[in-house]
Amino acid sequence: MTGQRFIPPQTAAALFAAILICSSFVSSAADAGAGRNKAQVCIACHGPGGNSIVPTMPSLAGQPKQFITTQLVMFREGNRKDPQMSPVAANLSNTDMNDLAEYFSREPITPSARRTDAANITAGQRLTAEYHCVSCHGPALKGQQHIPRIAGQQRDYLLKQLQGFKAGTRFDMDGNMTAAVQALPDSAVAILADYLSALK
Ligand code: HEC
Ligand code: HEC
């Protein structure tokens, strides 16, 4: 990533809010037990322990804690929007978000039951290296800090998000992800969603 990028003021404000909230998270200890209780409302959509069983719903189990808190803040502040998720996030306090992130980040991941064919595995490995997915999402694509785990995520959800980044409709706090997929052909987007969702 080279060169200076213009950060729109709205994004800068959201980032500032996220940093402020994340640093206040550090001082107050998160409570995974409280998070488990608060998560009862989430599992109706995100699945037991945050392991989604619905193709359009993202799994939350094993996501990096910072990724979960950041996304919740973005939904609450109205930067990222979704008709189902936004109303839920609107009612969460910083403590709630902290506890929920602590809980879901520690939940064991149910390995994906999906399979893909050998050709897609070869193509997926080539694409994730060529387009630097592994540099940010990690060598096993399990995420780190504010960057999500994409290995084993639901296929339909991955497809929607990748198409959204390409079209510029999925909110992206630093523009890195949008930039990363611009050169990807549509055929590669479909292969990636298939490949990633079958990763264990
Ligand atoms: C009525 C269904 C519903 C409920 C209840 C719900 N969510 Fe969601 N959530 C969604 C949908 C749908 C998305 C994906 C939105 C999109 O496509 O961008 C989402 C996205 C998310 C994301 C971003 C995941 C990612 O990989 O980018 C997080 C984090 C999240 N939800 C946390 C929670 C938490 C915590 C709760 C409980 C307090 C909760 N959700 C309750 C439907 C729901
Ligand atoms: C320069 C770093 C970077 C690169 C390269 C990158 N990503 Fe990302 N990716 C991110 C960040 C940061 C986010 C979170 C963006 C946000 O929500 O603001 C993200 C989000 C995503 C999401 C959304 C997942 C979810 O749960 O919401 C998908 C899918 C994804 N990336 C796939 C890929 C793929 C596939 C590639 C390679 C073609 C790739 N990324 C390359 C940094 C990167």
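Residues numbered from 1 in each chain as written. Chains lettered and ligands numbered in written order. Predicted model: local features only at pLDDT ≥ 70, side-chain atom pairs only at ≥ 80, totals over all residues. Heavy atoms only, no water.

Q: Help me understand the packing of helix H9 (residues 155-167) against helix H11 (residues 186-198) in this model?
A: Two numbers describe a pair of packed helices, the interaxial angle and the distance between the axes. Packing of H9 against H11 leaves a shortest axis separation of 9 Å and a crossing angle of 145 degrees. The hand of the H9/H11 crossing is right-handed. Contact residues: Arg155, Leu158, Leu159, Leu162, Gln163 and Lys166 in H9; Asp186, Val189, Ala190, Leu192, Ala193, Asp194, Leu196 and Ser197 in H11. Of the residues that constitute the contact of H9 with H11, the class distribution is 8 nonpolar, 2 polar and 4 charged. (Axes fitted to C-alpha atoms, helices over the stretch in contact; angles between N-to-C directions. Helix = DSSP H or I, 4+ residues; strand = E, 2+ residues; numbered from the N terminus. Left-handed = near helix turned anticlockwise from the far one by under 90°. Contact = heavy atoms within 4.5 Å. Nonpolar A, V, L, I, M, F, W, Y, C, P; charged D, E, K, R; others polar.)

Q: Which parts of the structure should I look at to understand the site of ligand 1?
A: Near ligand 1 lie 21 residues; those nearest to it are Cys42, Cys45, His46, Met85 and Lys160. Within the side chain of Tyr157, a nitrogen or oxygen atom sits 2.9 Å from an oxygen atom of ligand 1. Measuring from an oxygen atom of ligand 1, one finds a side-chain N or O atom of Lys160 at 2.6 Å. Elements supplying a minimum of two residues to the shell around ligand 1: helix H3 (40-46), helix H4 (65-76), helix H5 (85-90), helix H6 (94-106) and H9. Per-class residue counts for the shell around ligand 1 are 15 nonpolar, 3 polar and 3 charged. If you count residues domain by domain, the shell around ligand 1 takes at least three from each of domain 1 (9-106) and domain 2 (118-198). (Near = heavy atom within 4 Å. Polar contact = N/O pair within 3.5 Å; in protein donor to acceptor, adjacent residues only side chain to side chain. Domains from an automatic or database assignment.)

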